[in-house]
Each structure stands twice: as C-alpha cells, then as structure tokens.
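Chain and residue survey
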Amino acid sequence: QVQLVESGGGLVQPGGSLRLSCAASGSIFSINAMAWSRQAPGKQRELVAAITSGGSTEYADSVKGRFTISRDNAKNTTYLQMNSLKPEDTAVYYCNADLSVGPRYPEYDYWGQGTQVTVSS
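Residues numbered from 1 in each chain as written. Predicted model: local features only at pLDDT ≥ 70, side-chain atom pairs only at ≥ 80, totals over all residues. Heavy atoms only, no water.

1. Details of the state of the cysteines
This structure, assessed with the given rule, holds one disulfide. Between the sulfur atoms of Cys 22 and its disulfide partner Cys 95 the distance amounts to 1.8 Å. Disulfide Cys 22-Cys 95: the torsion about the S-S bond is 40 degrees, which places it as right-handed. With Cys 22 in strand 3 (residues 18-25) and Cys 95 in strand 9 (residues 91-100), this pair connects stretches of sequence that are 73 residues apart. Residue Cys 22 shares its accessibility class with Cys 95, and that shared class is buried. (Disulfide = S-S within 2.5 Å. Helix = DSSP H or I, 4+ residues; strand = E, 2+ residues; numbered from the N terminus. Buried < 20%, exposed > 50% of the residue type's maximum accessible area, 1.4 Å probe, protein only.)

Take a look at the structure:
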C-alpha cells in the first residue's frame, strides 16, 4: 500500500515563509513526476509546481520567483519552499506522485490528504 503524507502547513503572516514536505511510503518501485497543487475555498484545484525525476521543474505564474520545489529521491520526498507568502496563497496544499509499485506495473497517480496553509495577519 502506498501513502503520501504532507506536513509543514500552518498559519503564517503575509511576507512569511513555510516549507511543506511530502513523503511517499510503501511498496514503491519508482517515482516519476511529483507535484504540488492547491485548492482554495470555492475555487478549483490548481497546479502550483511540479518536478520530474531528473529535476526539471515548472511553476504556476502566480508563484514563480516565490516558491521552489525540490525532491530527495533517496527519501521519496518532495518539498515546497514558499517565501513571500500572500493572503491569496491560502489554500489546502496537496502533493501527488506518478509512481509504480513494480517493474511490470504501470504508473499511477497517488495523492496525499492535504495540508492547510493560511496566510493572514
């Protein structure tokens, strides 16, 4: 059984920083892309940042220059460093990973349960 568990969310003042972590565990053979998405109340979920197994990254325009995604392949973990946070960054942040549980198994998309980030004074 595969699990993705996010941590690091919380309440922060505008201009502050947070670092989110997402650890994948279980019977994992390989992980391809990992990503962070967010969903604010009343809005659709949106992709925030993604990173391939080789380290290539992409970001939503709204977070470019403020957020940095990274990963530690040895730990099956991805991180999201969020700086210069704004009230509009308030949302539940989810991580997901395209991974395979064995050499003859296809990749599936697994999701974490989400962690709340609130930016408010």
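Past the structure itself, the notes keep going.
2. With respect to the side chain of Glu 6
In this fold, Glu 6 is placed in strand 1 (residues 3-7). For the buried residue Glu 6, which engages in no salt bridge, the nearest side chain bearing the opposite charge is Arg 45, 7.6 Å off. If sequence neighbours within four positions are ignored, Glu 6 has contacts with Ser 21, Cys 22, Trp 36, Tyr 93, Tyr 94, Cys 95, Gly 112, Gln 113, Gly 114 and Thr 115. (Lys, Arg positive; Asp, Glu negative; His and termini not counted. Salt bridge = Lys/Arg side-chain N within 4 Å of Asp/Glu carboxyl O. Contact = heavy atoms within 4.5 Å.)

3. Quick word on unusual backbone geometry
With a phi close to 55 degrees, Asn 76 is a non-glycine residue in the positive phi region. Relative to the elements of secondary structure, Asn 76 occurs in the loop between strand 7 (67-72) and strand 8 (77-82). In this structure, Ser 84 is a non-glycine residue whose phi angle is positive, near 50 degrees. By secondary structure assignment, the location of Ser 84 is in the loop between strand 8 and strand 9. You can call Ser 84 partly exposed: its relative accessible area is 41%.

4. Let's talk about the pairing of strand 11 (residues 115-119)
Side chains Thr 115, Val 117 and Val 119 project from strand 11 onto a buried face, and the interleaved Gln 116 and Thr 118 project onto a face without burial. With three bridges joining them, strand 2 (residues 10-12) and strand 11 adopt parallel strand pairing. Bridged to Val 12 within strand 11 is Val 119. Summarising the sheet, strand 9 and strand 11 pair through three bridges and their orientation is antiparallel. (Pairing = 2+ DSSP bridges.)

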